[in-house]
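# Observations on the model geometry
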Amino acid sequence: MVVAPKIIGELWCEDKCTSLLGMLQLPCAKGRVPFLALRHLFRHPAAFLSTPRVEYKPIQKVMVANRGEIAIRVFRACTELGIRTVAVYSEQDIGQMHRQKADEAYLIGRGLPPVQAYLHIPDIIKVAKENAVDAIHPGYGFLSERADFAQACLEAGVRFIGPCPEVVRKMGDKVEARAIAISAGVPVVPGTDAPISSLSEAQEFSQVYGFPIIFKAAYGGGGRGMRVVRSYEELEENYTRAFSEALSAFGNGALFVEKFVEKPRHIEVQILGDQHGNVVHLYERDCSIQRRHQKVVEIAPAAHLDSQLRSKLTADAVRLAKQVGYENAGTVEFLLDRHGKHYFIEVNSRLQVEHTVTEEITDVDLVHAQIHIAEGKSLPELGLKQENVSLNGCAIQCRVTTEDPARGFQPDTGRIE
């Protein structure tokens, strides 16, 4: 009997042990494999050398658990691939364009505020099951980096167009992602190995590494729960504010502390992984121009980036992705200091707003690739071998944000003319 390495790797995984047991046709309590089954496997060392078998299952209908521009973007890709589309919408979004662009549309989150409606996992799964949805694309924001949502999709028999739940969980936990990077030999900014639980731990860190330091939310991003501290006098107030922001935004106030890199370049590498163990990079984007930790301008490829440094960044991104068994689209983010040293900061386990500039310079449709990977196709089958991915020209994305100068440039609403 031949068992693929991927299945062997799932031997002790509670939620996947049935895949192995199905092949063995042996009864087993959840999370445990019979000793006789193990003994039979380990008599056959060739089992570990075989190639994982991934069944190709074409997708007929895709739901986008999102709204606005990203939902329309995914619907466009599905239409181009001959796939039927399903939109979901809140009561407040009944007239929104994404609802009109889909083949089918269903109300979710009745009685809930608009944001909460798109976070209501039971309603989304219910609509998917009742309407024969094959796969769900989470878009960006909302549920796109929620491991519990990816798991709920799988348990409902619906494919999640993104990484597997365990990888989403690992990458969403900045402390664990950092540990994985270290184990993969990827450089990281000096910081705590686990979330801190008190102000005194932050004080000890500052004594060792000096100021400036930065607090970051352990279970979220987007600049919330992030505070730079430049002196001992600022430490207590910024710790309290960062904790409060993280708790409010992510339901968990856990923070970790890093040495703050002054005036870095922020470089991110686009990656694609398949279910066969292949990973490629699609070069990098420069997103150094930010406002309140939010990206304002994205440039691909990064200007004036030394070719050797580019090779190091892209190689480290691929190495990290392979270390964690990454599937589908993702972005590995780095800081680049004034001395040309790079440091891993996080992985976004989803499609990003700025994916379009990468598409422009590589001529790779990332949403098409996401869907095909979820169907079980390999990167080589899609023509995506690393030597086939090349740069052509430059692309820039600029984000427009409405702000009110009379209120300290706070976010505002209004008509853009």
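This text goes with the structure placed above it.
Summarised in this report is the structure supplied together with it. (Residues numbered from 1 in each chain as written. Predicted model: local features only at pLDDT ≥ 70, side-chain atom pairs only at ≥ 80, totals over all residues. Heavy atoms only, no water.)

This brings us to helix H11 (residues 199-209). The complete set of buried residues in H11 reads Leu-199, Ala-202, Phe-205 and Ser-206. Angular distribution of buried residues about the axis of H11 spans 115°; they occupy a single face of the element. Relative to its buried face, H11 has exposed residues pointing more than 90 degrees away, namely Glu-204, Gln-207 and Val-208. Two residues or fewer after H11 comes Gly-210, characterised by a positive phi angle close to 75°. (Buried < 20%, exposed > 50% of the residue type's maximum accessible area, 1.4 Å probe, protein only. Helix = DSSP H or I, 4+ residues; strand = E, 2+ residues; numbered from the N terminus. Arc of directions from axis to C-beta.)

So, on to the packing of aromatic side chains. Tallied over the full model, the rule gives six aromatic pairs. With centroids separated by 6.0 Å and ring planes inclined at 85°, the aromatic side chains of Phe-149 and Phe-160 adopt a geometry described as edge-to-face. Separated by eleven residues along the polypeptide, Phe-149 in helix H8 (residues 147-155) and Phe-160 in strand E5 (residues 159-160) bring together distant segments of the chain. Grouping residues by exposure puts Phe-149 and Phe-160 together as buried. Through a chain of ring-to-ring contacts, the aromatic side chains of Phe-215, Tyr-239 and Phe-243 assemble into a single cluster. The cationic tip of Arg-99 hangs over the ring face of Tyr-89; the distance from NZ or CZ to the ring centre is 4.4 Å. (Phe/Tyr/Trp six-rings, centres within 6.5 Å; stacked < 30°, edge-to-face > 60°. Lys NZ or Arg CZ within 6 Å of the ring centre and 35° of its normal.)

This part covers the environment of Pro-380. Relative to the elements of secondary structure, Pro-380 occurs in the loop between helix H15 (366-375) and strand E16 (395-398). Along the primary structure Pro-380 and Asn-278 are separated by 102 residues, whereas in three dimensions their C-alpha atoms are 8.4 Å apart. Setting aside anything within four residues of it in sequence, one finds Pro-380 in contact with Asp-274, Asn-278 and Lys-385. (Contact = heavy atoms within 4.5 Å.)

A pair of packed helices is captured by two measures, namely the crossing angle of their axes and the spacing between those axes. Orientation of H11 relative to helix H12 (residues 235-250), taken along the N-to-C sense of each, is 125°, at an axis distance of 10 Å. When the axes of H11 and H12 are compared, the pair comes out oblique. In this structure, H11 meets H12 at a crossing whose hand is right-handed. Contacts between H11 and H12 involve Leu-199, Ala-202, Gln-203 and Ser-206 from the first element and Leu-235, Glu-236 and Tyr-239 from the second. Classifying every residue of the contact of H11 with H12 gives four nonpolar, two polar and one charged. (Axes fitted to C-alpha atoms, helices over the stretch in contact; angles between N-to-C directions. Parallel < 35°, antiparallel > 145°, perpendicular 65-115°, else oblique. Left-handed = near helix turned anticlockwise from the far one by under 90°. Nonpolar A, V, L, I, M, F, W, Y, C, P; charged D, E, K, R; others polar.)

Attention now moves to the sheet that holds strand E6 (residues 213-217). Across the sheet, three strands lie side by side as E7-E6-E8; this open sheet has antiparallel pairing. This sheet does not close on itself; its edge strands, each paired only once, are strand E7 (227-229) and strand E8 (255-259). Strand after strand, the sheet turns through a mean of 25° between neighbouring axes, direction not considered. Sitting on the sheet, H11 is in contact with E6 and E8, with an inclination near 10° to E8. (Pairing = 2+ DSSP bridges.)

Right, let's get into the side chain of Lys-61. Relative to the helices and strands, Lys-61 resides in strand E1 (residues 61-64). Here Glu-104 takes part through its side chain, which lies 2.8 Å from a polar atom of the side chain of Lys-61. A distance of 2.8 Å separates a polar side-chain atom of Lys-61 from the backbone oxygen of Asn-131. Excluding its chain neighbours within four sequence positions, the residues that come into contact with Lys-61 are Ile-83, Arg-84, Val-86, Glu-104, Asn-131, Ala-132, Val-133, Asp-134 and Ala-135. (Polar contact = N/O pair within 3.5 Å; in protein donor to acceptor, adjacent residues only side chain to side chain.)

Moving on: the sheet that holds strand E3 (residues 104-107). Pairing between sheet strands relies on hydrogen bonds along the backbone, with the strands arranged either parallel or antiparallel. Taken in spatial order, the five strands line up as E3-E2-E1-E4-E5 in an open sheet, and their pairing is parallel. Since the sheet does not close on itself, it has two edges, and those belong to E3 and E5, each with one partner. Pairing of E1 with strand E4 (residues 135-137) involves three bridges; the strand directions are parallel. Looking at the pairing, Val-64 lines up with His-137 of E4.

Omega for the peptide link from Phe-211 to Pro-212 comes to 0°, which places this bond in the cis form. Among the secondary structure elements, Pro-212 is positioned in the loop between H11 and E6. Omega for the bond connecting Ala-300 with Pro-301 falls within 30 degrees of zero, at -10°, which places this linkage in the cis form. Of note in the backbone geometry, Phe-409 takes a positive phi value of approximately 60° without being a glycine. Examined against the element boundaries, Phe-409 turns out to sit in the loop between strand E17 (403-404) and strand E18 (410-411). With relative accessibility at 40%, the residue Phe-409 sits in the partly exposed group.

Let us now look at empty space enclosed by the protein. According to the stated counting rule, one finds three cavities of 30 Å³ or more in the structure shown. Here the largest cavity is characterised by a volume of approximately 40 Å³. Taken together, 13 residues form the lining of the largest cavity, with Ile-161, Gly-162, Ser-349, Arg-350 and Gln-370 sitting closest to its centre. Residue composition of the lining of the largest cavity, grouped by class: six nonpolar, six polar and one charged. (1 Å grid on protein atoms, 1.4 Å probe; cavity = no way out; pocket = protein on both sides within 12 Å on 5 of 7 lines; lining within 4 Å. Points joined across faces, edges and corners; volume = space filled by probe spheres on them.)

According to the stated counting rule, one finds 28 salt bridges in the structure shown. The salt bridge partner of Glu-359 is Arg-73, with a shortest N-O separation of 2.7 Å. Of the two residues, Glu-359 is situated in helix H14 (residues 355-362) and Arg-73 in helix H4 (residues 68-80); the sequence distance between them amounts to 286 residues. Note on accessibility: Glu-359 and Arg-73 belong to one class, buried. Residue Arg-146 pairs with Asp-148 through a salt bridge whose shortest N-O separation is 2.9 Å. (Salt bridge = Lys/Arg side-chain N within 4 Å of Asp/Glu carboxyl O.)

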